Amino acid sequence: MQCASLSPHKNLDTFILKIVLMKVDLHTHSTASDGSLSPRTLVEEAVKMDINMLSITDHDTTDAYLELSSINYPSLELIPGIEFSTQWQGVGIHVIGLNVKPASEALVKGVKTQRDARVKRARRIAEKLEKLGVEGVWEGVQQIAGKSVIGRPHFSQYLVENKHVKTTSEAFERYLGSGKTGDVKCFWMSFEEIVDCIRKAGGTAVLAHPAKYKLTNTRLSRLLDDFIDVGGEAMELISGNQNRDITEKLRSLCIKKKLLASCGSDFHQPGQRWANLGMVQALPEDCEPVWETWR
Ligand code: AMP
Ligand code: MN
Ligand code: MN
Ligand code: MN
């Protein structure tokens with residue numbers, strides 16, 4: 001904080017402090033869902049990369065935090081989080097809960113509901129793939145997923161390992177992506193229930209990667225209005241290494257809707273295409289960072 005007194009330009013100081021002193025990544029995945037690093041390794045990597053604030057936001061689980069409860073790194077603030085799957089007007093949407101209490105009754109219940117939905121969905125995907133001639137897929141994906149919350153990436157791994165496709169991308173294009181065999185209807189908790197669950201767990205509900213849903217401007221605006229109506233308070237303004245036009249569009253929406261701003265890499269594994277752990281652009285200066293409300 002010393003550099004704040006070195007310059008008479010307060011705004012510039014704030015800006016410099018944000019870039020130099022705060023490295024924040026509030027959207028990452030571990031082996032508790034579909035990430036490749038264990039929670040402990042992920043935290044150790046974050047420390048090595050001088051990240052100051054990290055949230056592990058696994059899909060529909062907070063299991064990562066079971067492993068981390070005894071770990072304490074002075075330079076790193078770990079914010080308990082989760083990335084919930086839900087639907088809005090027929091579109092698959094992700095809502096992140098940040099600063100939640102993993103042991104709270106609401107979250108434990110929510111996580112169980114979502115896990116059951118995932119298992120049902122996985123069984124259905126496996127049945128459909130078996131019909132297409134992909135043998136042994138149910139046993140195979142269970143083995144791959146192990147204790148992790150099961151998801152489509154476990155199916156893509158099975159399809160690659162068993163030479164049904166060459167790459168993960170091909171697995172999604174041919175079998176698992178939108179409109180394909182693996183895109184089966186799933187009984188997630190509703191949009192409203194998810195936000196309610198996050199709030200009851202003491203957390204802040206953040207609309208994840210708003211640009212990823214490929215909505216028109218009108219529908220994105222409507223989604224944000226509905227999200228605010230049910231108690232959503234923040235949006236992920238920066239997700240991965242998104243381009244400037246998207247950042248500018250989301251910045252103006254964030255300000256217009258008076259939402260708090262969050263940022264995250266959506267890290268799953270080292271070397272991934274979109275952004276490495278902690279490689280997150282700074283939030284625009286005129287947006288209020290979500291973490292400032294937790295102070
Ligand atoms: P699920 O949580 O089971 O709905 O699976 C969604 C996850 O699959 C996302 O969080 C990504 O990690 C992964 N995913 C989605 N689309 C693709 C793709 N085209 N290529 C690789 N991974 C993908
Ligand atoms: Mn994922
Ligand atoms: Mn997501
Ligand atoms: Mn994610």
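Coordinates for the structure precede this section.
Treat the numbers as computed from the prediction; the structure is a model and nothing was measured.

Chemist: It is not clear to me how the sheet that holds strand 4 (residues 81–88) should be interpreted in this structure. Could you clarify?
Modeler: Across a sheet, paired strands are connected by hydrogen bonds in the backbone, their directions being either parallel or antiparallel. The five strands lie next to each other as 4-5-6-7-8, forming an open sheet whose pairing is mixed. Here the strands that pair on one side only, and so sit at the sheet edges, are strand 4 and strand 8 (260–264). On average, adjacent strands in this sheet sit at an angle of 35° to one another, irrespective of strand direction. In this structure, strand 4 lies alongside strand 5 (residues 91–98), joined through eight bridges in antiparallel fashion. Looking across to strand 5, one finds that Ile82 is bridged to Gly97. Here helix 8 (residues 191–200) sits on the sheet and contacts strand 4, strand 5 and strand 6 (204–207); the angle it forms with strand 4, its principal contact strand, is near 160°. On top of the sheet, helix 10 (residues 244–256) reaches strand 7 (234–239) and strand 8; it is set at about 165° to strand 7, its chief contact.

Chemist: Honestly, the coordination of the manganese ion (ligand 3) in this entry has me stumped. Any pointers?
Modeler: Under perfect tetrahedral coordination by four donors, a metal shows angles of 109.5 degrees; under perfect octahedral coordination by six donors, it shows angles of 90 or 180 degrees. Within the protein, the atoms that donate to the manganese ion (ligand 3) are Glu83 (OE), His94 (ND1) and His209 (NE2), at distances of 2.1 to 2.2 Å. For the manganese ion (ligand 3), the single-chain donor residues occur in sequence as E-x10-H-x114-H. Taken as an interatomic distance, the gap from the manganese ion (ligand 3) to the manganese ion (ligand 2) is 6.0 Å. Of this pair, Glu83 sits in strand 4 while His94 sits in strand 5, and the two are eleven residues apart along the sequence. Exposure remark for Glu83: the relative accessible area of 1% places this residue in the buried category.

Chemist: Looking at this structure, I do not really get the pairing of strand 7. What am I missing?
Modeler: Within strand 7, six of the six residues are buried, which leaves it mostly tucked inside the rest of the structure. As for the winding sense of the linkage, the β-α-β connection from strand 6 through helix 9 (residues 217–229) to strand 7 is right-handed. Across five bridges, strand 7 lies against strand 8 in parallel orientation. The residue bridging Ser239 from the neighbouring strand is Gly264, located in strand 8. Running through helix 10, the crossover from strand 7 to the neighbouring parallel element strand 8 is right-handed.

Chemist: Whenever I open this one, helix 2 (residues 39–48) confuses me. Can you help?
Modeler: Working note: α-helix, 3.6 residues per turn, so residues spaced by three or four point in the same direction. When we look at burial in helix 2, the residues that qualify are Pro39, Leu42, Val43 and Ala46. The arc that holds the buried residues of helix 2, viewed along the axis, is 95°, so those residues lie on one side. Contacts from the buried residues of helix 2 go to strand 1 (24–28), strand 2 (53–56), helix 3 (64–68) and strand 3 (77–78). Of the residues one or two after helix 2, Asp50 is the one with positive phi, at around 60°.

Chemist: When you look at the sheet that holds strand 3 in this model, what are you seeing that I'm missing?
Modeler: Pairing in this open sheet of three strands is parallel, and the strands run 1-2-3 from one edge to the other. Of all strands in the sheet, those bounded by a partner on one side alone are strand 1 and strand 3. Inspection of the sheet shows strand 1 paired to strand 2 by three bridges, in the parallel sense. Within the sheet, the bridge partner assigned to Thr28 lies in strand 2 and is Ile56.

Chemist: Looking at this structure, how should I read the coordination of the manganese ion (ligand 2)?
Modeler: The protein atoms that coordinate the manganese ion (ligand 2) are Asp34 (OD), His59 (NE2) and His268 (NE2), at distances spanning 2.1 to 2.2 Å. We classify His268 as buried; its relative accessible area is 12%.

Chemist: For this particular structure, what's the right way to read the packing of helix 5 (residues 137–145) against helix 6 (residues 152–161)?
Modeler: To describe two helices that pack against each other, one gives the angle between their axes and the distance between the axes. One way to put it is that helix 5 packs onto helix 6 with a least axis distance of 9 Å and a crossing angle of 115°. Judged by the inter-axis angle, helix 5 sits roughly perpendicular to helix 6. Here the hand of the crossing between helix 5 and helix 6 comes out right-handed. When helix 5 is examined against helix 6, the residues Val137, Gly140, Val141, Ile144 and Ala145 are found in contact with a partner set consisting of His154, Phe155, Gln157, Tyr158 and Glu161.

Chemist: What am I meant to see in the pairing of strand 6 here?
Modeler: In regular strands, side chains alternate between the two faces of the sheet. What you see with strand 6 is no split at all: Thr204 and Val206 on one side and Ala205 and Leu207 on the other are buried throughout. Examined bridge by bridge, strand 6 and strand 7 share two bridges and lie parallel to one another. Its bridge partner lying in strand 7, Val206 is registered against Ala234.

Chemist: What am I meant to see in the nonpolar core here?
Modeler: As a rule of thumb, nonpolar side chains are buried together in soluble globular proteins. With 49 residues, the main nonpolar core has Leu26, Ile93, Leu223 and Trp291 as its most contacted residues. Setting aside residues no more than four positions away along its own chain, Ile93 makes contact with Phe84, Ser85, Thr86, Gln87, Trp88, Phe191, Leu207, Tyr213 and Leu223.

Chemist: Help me out: how do you make sense of the packing of aromatic side chains in this one?
Modeler: When we look at a pair of aromatic rings, we describe it by the centre distance and by the angle of the planes. In total, this model carries one aromatic pair according to the counting rule given. Relative to Phe227, the ring of Phe191 lies with its centre 6.0 Å away and its plane at 45°, an arrangement referred to as tilted. Taken together, the residues Phe191 in helix 8 and Phe227 in helix 9 connect sequence positions 36 residues apart. Judged on exposure class, the residue Phe191 and its partner Phe227 are both buried.

Criteria and cut-off values
Residues numbered from 1 in each chain as written. Chains lettered and ligands numbered in written order. Predicted model: local features only at pLDDT ≥ 70, side-chain atom pairs only at ≥ 80, totals over all residues. Heavy atoms only, no water. Pairing = 2+ DSSP bridges. Helix = DSSP H or I, 4+ residues; strand = E, 2+ residues; numbered from the N terminus. Axes fitted to C-alpha atoms, helices over the stretch in contact; angles between N-to-C directions. Contact = heavy atoms within 4.5 Å. Donors = N, O, S within 2.8 Å, 3.2 Å for Na, K, Ca; no water. Buried < 20%, exposed > 50% of the residue type's maximum accessible area, 1.4 Å probe, protein only. Right-handed = clockwise from strand over helix to strand, strands pointing away. Arc of directions from axis to C-beta. Parallel < 35°, antiparallel > 145°, perpendicular 65-115°, else oblique. Left-handed = near helix turned anticlockwise from the far one by under 90°. Core = buried A, V, L, I, M, F, W, Y, C linked by side-chain atoms within 4.5 Å. Phe/Tyr/Trp six-rings, centres within 6.5 Å; stacked < 30°, edge-to-face > 60°.

Interpretation note: all reported values are geometric properties and have no functional meaning in isolation.
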